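Okay, here's what each chain looks like letter by letter:
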Amino acid sequence: MNRRTFLAVPIVSSVLQTPEYPPAERIDFTSHLPAPGTFPAKWICGSPSCMDNQDPPIQVHWYNEHTAFLRQNKAYSYEAPFLHLYFGNERVLLLDQGFTQLRTDWALRDVVDDCIQKWCLRHGRKPEDLELLLAFSHLHADHFAALNQFADRPNTRYMGLTHEEMVGFWGMTNFPEEVITLDLGGRNILIWGSPGHVISEFAYYDTYTQILYTGDMFYRGRCYISFWDKWFDSMKRLIAFVDAHQVTHIVGCHVEISRTGQDYPYGVTYQPDEAPLQLTVAELRQAYEVAKTITKPGIYFTGAVFLCNQTRGTPP
């Protein structure tokens, strides 16, 4: 199959018993941009005792009518990764799948299906008519472990677990420089390579909310940089992108810093005073300026993130 045309190939799926919906109007994802939205004042952030934790396994926050952010409870994984759910007229994109494999232990599949069902009820769609695309920022297990929960889900496609499969999933022929456009049905996601934390990593930009997703390459925490030169080149691409495009927020996969800039130790399951998930373009630019001065391995605080140059496992 031609990788560049795979999104146009229909998938035959079983028809589920669903209510009759009136004909749905096509949603306009191109006018009055950026689409506004809100982040919660406080995310679920663990508890002193995982055994006594009363938070839901997955926090679901609707940023706006067509965009949801999910967070894994730290009692289920100290990584507490964030997941992104983008709805279009024909497809839904789920970025990252969390750090627990078994559906019986942590039912991501059920939560995602519930989000899709609720969105469809609001907008006169049938869930079985929406294709679900499962992608992730990079090949670390806290970003794709729950992928297998969706293996038998109809009308669903997902990235493979090798570099070649990941690049091929998007039809890229010039990784990491090439920017491709994923059409969710009137809502476009721009995607390109952002290696440095690992080699097989991607950045995603939603043209509707104008949110830039940078995975573990740049996030509110310890940015572990395994390949400095590649990471610095990825930063240059990000700077060039924000110079040319409006960006409302930059978001990554985790939060590991308090509001006062304190680093939460690796592996903790309670972060009572977390900094916001979202970063600003100004904070990205400041990190880039700090990066320009770095000439040797070490840990460098930019005021918003820790740049851990070839020091993974070493606390700041």
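Higher on the page you've got the structure.
Small disclaimer: the values here were computed from a predicted structure and weren't measured.

Here we take up the side chain of Thr 214. With respect to the secondary-structure elements, Thr 214 resides in the loop between strand E10 (211–213) and strand E11 (222–225). In terms of polar contacts, Thr 214 uses its side chain to reach the backbone carbonyl oxygen of Phe 218, at 2.6 Å. In this structure Thr 214 touches Glu 201, Leu 238, Ile 250, Val 251 and Gly 252, once residues within four positions along its chain are discounted.

The next thing to look at is the state of the cysteines. Simply put, disulfide is the name for a covalent bond between the sulfur atoms of two cysteines. A full pass over the atoms with the stated rule returns zero disulfides. For the unlinked cysteine Cys 45, the closest cysteine sulfur is that of Cys 50, found at 12 Å. You can see Cys 253 has no disulfide; the closest cysteine sulfur is in Cys 223, sitting 10 Å from it.

What follows covers the packing of aromatic side chains. Tallied over the full model, the rule gives 19 aromatic pairs. Ring plane angle 70 degrees and centroid distance 5.4 Å describe the contact between Tyr 78 and Tyr 266, whose orientation is recorded as edge-to-face. Here Tyr 78, found in the loop between strand E2 (67–72) and strand E3 (82–87), pairs with Tyr 266, found in the loop between strand E12 (249–251) and helix H4 (281–292); they are 188 residues apart in sequence, far enough to count as distant. Here Tyr 78 falls in the partly exposed class, since its relative accessible area comes to 31%. Overall, Tyr 266 belongs to the partly exposed group, its relative accessible area being 49%. Aromatic ring contacts, followed pair by pair, group Phe 169, Trp 170, Tyr 204 and Tyr 213 into a single cluster.

This next bit is on the pattern of salt bridges. With the rule as written, the count across this model stands at 19 salt bridges. The closest approach of N and O atoms between Arg 71 and Glu 274, which form a salt bridge, is 2.8 Å. Placement of Arg 71 in strand E2 and of Glu 274 in the loop between E12 and H4 is noted, with a sequence separation of 203 residues between them. Take Arg 71: its relative accessible area is 0%, and that puts it in the buried class. The exposure class assigned to Glu 274 is buried, which follows from its relative accessible area of 6%. Asp 243 is the partner of Arg 285 in a salt bridge, and the nearest nitrogen-oxygen pair spans 2.9 Å.

Our next topic: the sheet that holds strand E14 (residues 306–309). If you trace the three strands from one edge of the open sheet to the other, you get E11-E14-E13, paired in mixed fashion. Each edge of the sheet is formed by a strand with only one pairing partner; in this case those strands are E11 and strand E13 (298–301). Taken pair by pair, the neighbouring strands of this sheet meet at an average axis angle of 20 degrees, ignoring direction. Sheet topology note: the E13/E14 ladder contains four bridges and is antiparallel. Bridge assignment links Ile 299 to a residue of E14, and that residue is Cys 308.

What follows covers helix H3 (residues 228–244). An ideal rise of 1.5 Å per residue puts 24 Å on 17 residues; H3 measures up with 24 Å between its terminal C-alpha atoms. Among the residues of H3, Trp 228, Trp 231, Phe 232, Ser 234, Met 235, Arg 237, Leu 238, Ile 239, Phe 241 and Val 242 are the ones counted as buried. Buried residues along H3 sit in contact with strand E8 (188–193), strand E9 (202–206), E10, E11, H4 and E14.

Basis of the calculations
- What you see as residue numbers is a count from 1 along each chain, following the sequence as written.
- Totals for whole chains, interfaces and linings use every residue, but because this is a predicted model, local features are given only for residues with pLDDT of at least 70 and side-chain atom pairs only at 80 or more, for both listing and counting.
- Hydrogens and waters are ignored; side-chain quantities use all the structure's heavy atoms.
- Helical segments are the DSSP runs of H or I of at least four residues, strand segments are the runs of E of at least two, and each set is numbered from the N terminus.
- We call two N or O atoms a polar contact when they sit within 3.5 Å, provided that within protein one can donate a hydrogen and the other can accept it, with sequence-adjacent residues counted only if both atoms are side-chain atoms.
- Throughout, a residue-residue contact means that at least one pair of heavy atoms, one from each residue, lies within 4.5 Å.
- The term disulfide is used for any two cysteine sulfur atoms that are within 2.5 Å.
- Only the six-membered ring of Trp is used, alongside the rings of Phe and Tyr, when aromatic pairs are assigned; centres must lie within 6.5 Å, and planes under 30 degrees apart are stacked while those over 60 apart are edge-to-face, with the rest tilted.
- To sort residues, take the accessible area from a 1.4 Å probe on protein chains only and compare it with the maximum for the residue type: under 20% means buried, over 50% means exposed, and anything in between is partly exposed.
- One side-chain nitrogen of Lys or Arg within 4 Å of one carboxyl oxygen of Asp or Glu is enough to make a salt bridge.
- Strands were regarded as paired on the criterion that DSSP finds at least two bridges between them.
- Between N-to-C directions, angles span 0 to 180 degrees; the directions come from axes that are lines fitted to C-alpha atoms, helices contributing only their stretch in contact.
- In this analysis, the expected span of each helix is defined as 1.5 Å times one less than the number of residues it contains.

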